[in-house]
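Chain by chain, the residues run as shown.
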Amino acid sequence: VTVQKPAIAGRSIMEGRRRVVVTGAGVVSPLGDSPAALHQALVAGERARKPIELFATDAIGCREAGEIRPFDAQAYVGERNLRPLDRTSRLLVVAAQLALADSGCAQPGVPRPAGAVAAEQQAPPAEDAPLAAAPPPAPPAPPAEVGLVLGTTFCSLRTIAEFDRRGLRLGPAHASPLDFANSVINAAAGQAAIWHGLRGVNSTVAAGEASGLMALAQATELVRAGRAVAVLAGGAEELCFESFFGYYRAGRLCGSRRRVAAAGGPEGAEGERPVPFDARRNGFSLSEGAALLMLEDAEAASARGAAVRAEVLGWGAAFAAEGGEAGLAAAVARSVRLALADAGVPPAEIGCLSASASGSPEVDRAEAVGVAAALGERAGALPVTAIKAMLGEGLGVSAAWQAVDLVETLGDGLLPGIAGLERLEPGLPLPGAAAATRQLAPAARRWALVTAVGADGHCAALVLGAPGGPSPTAAVPEGSAEMAS
Amino acid sequence: MKGGSHEVSEARRIAVTGIGAVTPVGTGREELWASLLAGRLGFAPVESFDTSAFNVHLGAEVRGFSPARWVRRLDPARLGRASQLAIAAARLALADAGLDGTDPSSSRSAPAGQAGPPPQSPPPPPTQSMGGVPPESAGVAMGTTSGEPLEVERFDDRYLAGELDAVGDEFMSLYPCHMIAAHVARELGFAGINTMIPAACAAGNYALAHAVDVLRAGRAELMLAGGADAFSRITYTGFARLGAIAPERCQPFDRRRKGMIPGEGAAVLVLEPVAAARRRGARIYAEVAGYGLSCDAHHMTAAHPEGEGAVRAMARALADAGVAPEEVSYISAHGTGTPTNDRLEAIAVGRVFGAGARVPISSIKSMLGHTMGAASAIEAAVCALAVAGDEIPPTMGLEEPEGDFDYVPNVARRHRVDVAMNNAYAFGGNNASTIFRKCNGLATDSSV
């Protein structure tokens, strides 16, 4: 078998470059608003899908999604005025606040949430501490400047469409200037920067279901190149009528499949099965949320005393310029090979995979075939999860959720099962995709792989490493870069 | 064996070897450049939608654009307009780089200055010849403000007419902005990294910066980088509501300026390592010497009152390029023509270059309006052309300059341009500066 050689030689570009670490994360999701809570829900196999209340679904033969309910942004941010922010921006502002707090990177001079201030005031003053006890360690100083790279597919399609429709209904003089400011696709990133005083690089990346991973990749490169010391990176996406209806009509929701099937039988006869890799999957369940990881230069993070949760070891990206499942699978394989080569981790050392699979019949299969082609023998025994079984397809936020949860898995060794998986599609070359949550062996908790696959052809992969683990460049025997390629 | 610091730095040098553009004042590098040097204006009453309910009516639309001329592999009817414009710009850029021998507008096969419709030619090959670069190592990075806004408008028309049943799969297969970069890549067979950066009106510069990083890291051998936006009632309505659209003329940096004029277009630059470009004997317009990004974190639509973020972006770009302010020989301004932008931009430039700096500054938005996500990509092309040809396009409509800068009023100028800076500012407080310089007087490629 002739293997396409990646465009890069992993080892050669690794020499002397900065290491990138994860020092915290913030999550807003239908299954929890902290990495730990989300992980607990995923490990327990909870599912986000519920009847939609955000908008009327009368015109749609599919009525469930991963709506965050209740989502009270005000409860997180205290007294500050949320009115100028649409739903996507609110999701992002909250995720950013949680990530900044979790990593100790809140920017000085920026208004603090009421809850945080109250908690500090309740903390016992240092004088009350027993005399024998050592003084509490100084909290890590925040970086001088924090950047933001956001992955999103739509930002707020609802805001854009509402702005347009209001102008059409009432005349252009009645269109809302505030909505217009929010209608640009980088609006959420801009709003979060204003809210939290993020004065570093501010970028928005759109690559379909791979957006969140491409944002992590771009942030990694900025830190590696010394262009940024600390960057929040991840994704955000809101649930709205426009995108839900659009995907429904495009036949991509599990409910759209039912609609198609209904032509030959009673509505709902086949049910809605947004179950990744399952033999009877019939589309994805749309979802919403935001997730950001704080990526920092390892030396700078260490100097400021930040806790390291994981290391970003490498990434790869490719595009399926040729349509069809085979083209997509080939692009998946290339992205995984490039990520492994960039990380200097051979396939045999990958401990587990958080797959992009969402229940889409064609895309899930292409992903499995592509990953297996890249990993070779390792694919047969690799523990695989696909958390969209629980969370649904969050588009721009999906891969960021995957990365956040995989950091938790590297910590406690628990790899969530694929809820609802009854029978793996016969012949699917990832037999380690399982319904039940598993405890990973210690050796499988060092290096983990995230894949993100967009139905429109965008493929990306990311290798995460456990904190304090050996540098793969040192740990990998000679010649393994060639294995990876 | 490869190795040594010299080779590392050589590998990090990135060249602009092709320029393609579709703009309100011309299609293709030669026509665009000739129009800009001649001071041709691209403004006319808007035709793509009814402006009778507005109190402004001018726009800078691309007229007479024929998608079928450029979109050959995909079905042009299954693409949004921004994708069509982007594909045209990408094909022009590749031809300009000598990477498509079949394209009649290729500068290699046509005498300089020859424009006009292509002769009838046999069906083209499915993908471009890429100078020996495998498709997997050829990537696309594009910027935009609105993506494919006409697809939302079509959806909204149906929504308000109660005709949602007419919505089919085209909405989600045409609308998401990542489809612009995806369509370019599918049309041309580029299978490397594919990124859409919707960083609003600085998006072209952001995409260029990303492409430079990708090439410097060895993640691709060839990149198409640029921006695209389609003329849209959403954008027009928004800027009209902000009171930002000029009723008659776009006059950046003039005391009596009344605003910007929305436009549309696309520009794509072919980027490749300098060493690779030299190996294949490509013409190098300029080297992308560096870039700087920052965020005001101040206001969604208004720049920081002291130009704080813009100053940081410029300073970072200069440091990245290893260029001192006095070495910059031309600044392509963001220069929208709105009272606020131009005033704050002049303050920021003054803080970096000194209040009495004599560096020529011009805004081509005085001619082709504000083409949104395409703007800073077109302006990057202009910087590369200024560096290559030692000519600077004028700021048109300039009668009473505000402040003391040299805005190159109304007439193009011959002027040696060793280093050009391209400034772009966007909603969300995004700032991006890129720097281009002459690619000569440098060590020849030692690794061959």
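Summary of the structure given here. Just so it is clear, the model here is predicted, and its values are computed rather than measured.

Cut-offs used in this document
Residues numbered from 1 in each chain as written. Chains lettered and ligands numbered in written order. Predicted model: local features only at pLDDT ≥ 70, side-chain atom pairs only at ≥ 80, totals over all residues. Heavy atoms only, no water. Helix = DSSP H or I, 4+ residues; strand = E, 2+ residues; numbered from the N terminus. Rg over C-alpha atoms; globule rule 2.2 N^0.38 Å. Buried < 20%, exposed > 50% of the residue type's maximum accessible area, 1.4 Å probe, protein only. Contact = heavy atoms within 4.5 Å. Areas by Shrake-Rupley, 256 points an atom, 1.4 Å probe, with all protein chains shown as cover. Pairing = 2+ DSSP bridges. Phe/Tyr/Trp six-rings, centres within 6.5 Å; stacked < 30°, edge-to-face > 60°. Lys NZ or Arg CZ within 6 Å of the ring centre and 35° of its normal. Salt bridge = Lys/Arg side-chain N within 4 Å of Asp/Glu carboxyl O.

This next bit is on the overall build of chain B. The helix and strand inventory of chain B stands at 14 helices and 15 strands. Taking 22 Å as the expected radius of gyration for a compact globule of 448 residues, we find that chain B reaches 21 Å, a close match to that expectation. Here the C-alpha coordinates of chain B stretch approximately 65 × 55 × 40 Å along the principal axes. A burial count over chain B gives 65% of its 448 residues as buried. Counting contacts in chain B only where the partners sit at least 6 residues apart, residues at least 24 apart contribute 77% of the total. Carbon and sulfur atoms form 52% of the exposed surface of chain B, whose accessible area is close to 14400 Å².

It is worth spelling out the pairing of strand 7 (residues 289–297) of chain A at this point. Residue and element names in this part refer to chain A. For strand 7, the buried fraction is high: 9 of the 9 residues fall into the buried class. Side chains of strand 7 alternate between two faces, with G289, A291, L293, L295 and D297 and A290, L292, M294 and E296 buried alike. Summarising the sheet, strand 1 (residues 20–28) and strand 7 pair through 8 bridges and their orientation is antiparallel. In the sheet register, A25 faces strand 7, and the bridge partner there is L293. Here 8 bridges tie strand 6 (residues 230–237) to strand 7, and the two strands are oriented antiparallel to one another.

Attention shifts here to the packing of aromatic side chains. Enumeration according to the criterion identifies 23 aromatic pairs over all chains in this entry. A centroid spacing of 5.9 Å and a plane angle of 35° characterise the contact between F171 of chain B and Y175 of chain B, whose relative ring orientation is tilted. Summarising the burial analysis for this pair, F171 of chain B and Y175 of chain B share the class buried. Through pairs of rings, three or more aromatic residues link up here, namely F55, F154, F241, F244, F245, Y247, Y248 and F284 of chain A together with F155, Y159, F171 and Y175 of chain B. The ring of W195 of chain A is capped by R80 of chain A, whose NZ or CZ atom sits 4.0 Å from the centre of that ring. Over the ring of Y159 of chain B we find R165 of chain A; its NZ or CZ atom is 3.8 Å from the centre of that ring.

So, on to the pattern of salt bridges. Evaluated as defined, the whole model comprises 62 salt bridges over all chains. Note that R257 of chain B and E402 of chain B form a salt bridge whose closest N and O atoms lie 3.2 Å from each other. Of the two residues, R257 of chain B is situated in the loop between helix 9 (233–241) and strand 8 (265–273) and E402 of chain B in the loop between strand 12 (391–392) and strand 13 (413–414); the sequence distance between them amounts to 145 residues. On the basis of relative accessibility, which here comes to 7%, the residue R257 of chain B falls in the buried class. A relative accessible area of 26% places E402 of chain B in the partly exposed class. We note a salt bridge from E308 of chain B to R312 of chain B, for which the minimum N-O separation is 2.7 Å. Of this pair, E308 of chain B and R312 of chain B both sit in helix 11 (residues 308–321), 4 residues apart, roughly one helical turn. A single burial state applies to E308 of chain B and to R312 of chain B, both of which are buried. Residues joined in a network through salt bridges with shared partners are R17, E221, R224 and D342 of chain A together with R219 of chain B.

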